[in-house]
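# Reading the structure
Listed below are the residues making up each chain.
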Amino acid sequence: MSQTLRQDGRAPRGRSALHMLWVAAIGLALVIGQAVPSAARAAPESFADLAQQVSPAVVNITTSTTVAAPAMPRGPMLPEGSPFEDFFREFMDPEGQGPSTPRRSDALGSGFVISEDGFIVTNNHVIDGADEIEIEFFSGKTLPAEVVGTDPKTDIALLKVTSDAPLPFVSFGDSDVMRVGDWVMAMGNPLGQGFSVSAGIVSARNRELAGTYDDFIQTDAAINRGNSGGPLFNMEGQVIGVNTAILSPNGGSIGIGFSMASNVVGKVVTQLQEFGETRRGWLGVKIQDVTPDVAEAIGIETAAGALVTDVPEGPAMDAGMLAGDVITSFDGGNVSDTRDLVRRVADADVGKAVRVIVLREGRTETLLVTLGRREEAEATATPAAADTPQAPAQEEMLGMTLSPLDSELASELGLPADASGLVVREIDETAAAFEKGLRAGDVIAEAGQQKVATLDDLQDRIDEAKEAGRKSLLLLIRREGEPRFVALSVE
């Protein structure tokens, strides 16, 4: 560059200057070109070939259900021969059919074939409560279907049809490799209009709606009522999602649709095929996320992992896990938060012995836990009591009016008769405790990961936290029998 500059510092005129601009433009183009990921692809000219390829495996689903007759209002009691008798009979029963009878109700949905021998995937809500299920194929052929198994937690159902000839089918793809901005194509039976195709992109990943195991792909491909249970395809014709829900103020598509990720669906379908039900691993703990203030209160640098709030009878208790432990690793993989742990445990095999690393009082401990089955544990779980009575003695601390817990109160709160702690009788709505979610009726069971039975116990924990230079104190709170940790400022 120094050889092309004149001594006065100005660029030379004429052809040399144009040459410099040409070279600079090429260099800029190269830089921009290098910034584009090599895997990026242009928009397809058409989706026609893909639609033609996968259409034979996509199905429309019609369900029939017997609906109980609604309770009909009783007419007025009129004497026989009254001039109003005929009028009210015509008004209350215009067709003269007498008492209302149960009727049939039809519903529409979508699905897709995953094997040549007739296994079909759809949403659980599409076939829930159905007496009859009919499958319509792209060719126009119809077949009755039976339910193999369902999983309401992920809203997935597996059906089976019997066909004389092998059926066209599609396979699951890897939803984890899908990126925001990738092209996708949805197929189904929107609003009962029959086989229909829509296209769009992945708008977001890892969306949660309401379920414990939610992992939705958000897309702007048009999804409407009747699309439920239909497939969301990548550009290779693999199913990377099952269209399940939309976000809309009017019930129609506004470009915010949700498809359950195929990596979740595939595991559920495998279990439904093998067992007719799901069999998820169960660790046997109650957990919550490690927030920055909780991390500071227990003296750890990073707000990561899953904080154990309670260890009822089960696999974790048998392995020696304690409330207050922070689970940082499960079966060889780091645990980022509670959602991550729940999925890892659910994906693990029932009866498998796994290594769980916990952080306990500043030290790491490795526990060997033999997993139970979540479905069995949930079937035997008993609900906690909902009453929140008050105890007589009281004192104000940390913005709360507290009193000791006695055996009668413990029983009414769903706690063991010998449980100890402090009951929150009143709370200052301007205090930090109220902002952190504490309410009257809550029980403080531990402070600083030590049990508290008296107000003096709590005051001692507060003093210890201040002497140790900590800004907050970790409290174990029980509400209606359910535990959670809260970090409160002691400054």
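Conventions used here
- Residues numbered from 1 in each chain as written.
- Predicted model: local features only at pLDDT ≥ 70, side-chain atom pairs only at ≥ 80, totals over all residues.
- Heavy atoms only, no water.
- Helix = DSSP H or I, 4+ residues; strand = E, 2+ residues; numbered from the N terminus.
- Buried < 20%, exposed > 50% of the residue type's maximum accessible area, 1.4 Å probe, protein only.
- Contact = heavy atoms within 4.5 Å.
- Areas by Shrake-Rupley, 256 points an atom, 1.4 Å probe, with all protein chains shown as cover.
- Pairing = 2+ DSSP bridges.
- Core = buried A, V, L, I, M, F, W, Y, C linked by side-chain atoms within 4.5 Å.
- Phe/Tyr/Trp six-rings, centres within 6.5 Å; stacked < 30°, edge-to-face > 60°.
- Patch = residues over 30% accessible without salt bridge, like charges linked within 9 Å, V, L, I, M, F, W, Y side chains within 5 Å.
- Salt bridge = Lys/Arg side-chain N within 4 Å of Asp/Glu carboxyl O.
- Lys, Arg positive; Asp, Glu negative; His and termini not counted.
- Charge placed at Lys NZ, Arg CZ, Asp CG, Glu CD.
- Axes fitted to C-alpha atoms, helices over the stretch in contact; angles between N-to-C directions.
- pLDDT = per-residue confidence, 0-100.

### Re the overall build of the protein
For the protein, the helix and strand inventory stands at twelve helices and 28 strands. Of all 491 residues assigned to the protein, the portion counted as buried reaches 41%. Sequence separation of 24 or more characterises 61% of the internal contacts of the protein that already satisfy a separation of 6 or more. Only carbon and sulfur atoms are counted for the fraction: they give 50% of the accessible area of the protein, which is about 26,300 Å².

### Remarks on the pairing of strand β17 (residues 326-330)
Of all five residues that make up β17, four are buried, and the element is covered over most of its length. By the bridge criterion, two bridges tie strand β16 (residues 306-310) to β17 in an arrangement that is antiparallel. The residue bridging A306 from the neighbouring strand is I327, located in β17. As judged from the four bridges shared by β17 and strand β19 (residues 353-360), these two strands associate in the antiparallel manner. Looking at β19, one finds that F330 is bridged to V356.

### Concerning the side chain of D310
With respect to the secondary-structure elements, D310 resides in strand β16. Once residues within four sequence positions are removed from consideration, D310 is found in contact with V285, K286, A323, R478 and P483.

### Topic: the nonpolar core
Core analysis: the largest hydrophobic core is formed by 26 residues, its most contacted members being V121, M185 and F233. Of all the secondary-structure elements, those providing two or more residues to this core are α2 (48-54), β3 (119-123), β7 (156-160), β8 (183-188), β12 (239-246), β13 (257-261) and α5 (262-275). In terms of residue count, α5 provides more of this core than any other element does, five residues in total. Core analysis: the next-biggest nonpolar cluster, separate from the first, contains 21 residues, L402, I427, A447 and L455 among them.

### Let's talk about the packing of aromatic side chains
Counted according to the given criterion, the structure contains four aromatic pairs. Between F112 and F172 the ring centres are 6.0 Å apart and the planes differ by 85°, which places this aromatic pair in the edge-to-face class. Taken as a pair, F112 in strand β2 (residues 103-113) and F172 in the loop between β7 and β8 lie far apart in primary sequence, 60 residues in all. Residue class for F112 comes out buried when judged on its relative accessible area of 0%. A residue is classified by how much of its surface remains accessible, and F172, at 27% relative accessible area, is partly exposed.

### A word on a negative patch on the surface
A cluster of acidic residues, E395, D456, D460, D463 and E467, forms a negative patch at the surface. Ranked by the residues each element gives to the negative patch, the list is headed by helix α12 (residues 455-467), at four residues. Inspection of the secondary structure assignment puts D456 in helix α12. With a relative accessible area of 57%, D456 lands in the exposed category.

### A short note on the sheet that holds β8
Strands belonging to one sheet form pairs held by backbone hydrogen bonds; the direction of such a pair is parallel or antiparallel. Reading around the barrel, the six strands line up as β8-β9-β10-β13-β12-β11 and close back on themselves, with antiparallel pairing between neighbours. Going from strand to strand, the sheet's axes swing by 45° on average, the running direction of each strand aside. Bridge count between β8 and strand β9 (residues 196-207): six bridges; the pairing is antiparallel. Bridging from a neighbouring strand, M187 pairs with V197 of β9. Strand contacts of α5: β12 and β13, with the helix running at about 50° to β13, the strand carrying the most contacts.

### Description of the pattern of salt bridges
Throughout the structure, instances matching the rule amount to 18 salt bridges. For K436, the salt bridge is made with D293, and the minimal N-O distance between the two is 2.7 Å. Of this pair, K436 sits in the loop between α11 (432-435) and β25 (443-447) while D293 sits in helix α6 (residues 292-298); the two residues are 143 residues apart in sequence, bridging distant segments of the chain. A relative accessible area of 33% places K436 in the partly exposed class. For the salt bridge of R344 with D340, the shortest nitrogen-to-oxygen distance reads 3.1 Å. With R344 and D340 both in helix α8 (residues 338-347), this residue pair falls four residues apart, about one helical turn.

### A closer look at the environment of D406
Relative to the helices and strands, D406 is located in the loop between β23 (400-404) and α10 (407-412). Here D406 falls in the partly exposed class, since its relative accessible area comes to 34%.

### Regarding the confidence of the model for the protein
Mean pLDDT over the protein works out to 81, with 79% of the residues at or above the 70 mark. Contacts of residues 1-39 to residues separated by more than four positions or lying in other chains number eleven contacts, the stretch itself having pLDDT below 50. Within the model, pLDDT remains below 50 along residues 382-392, and this stretch shows 23 contacts once partners closer than five positions in the same chain are excluded.

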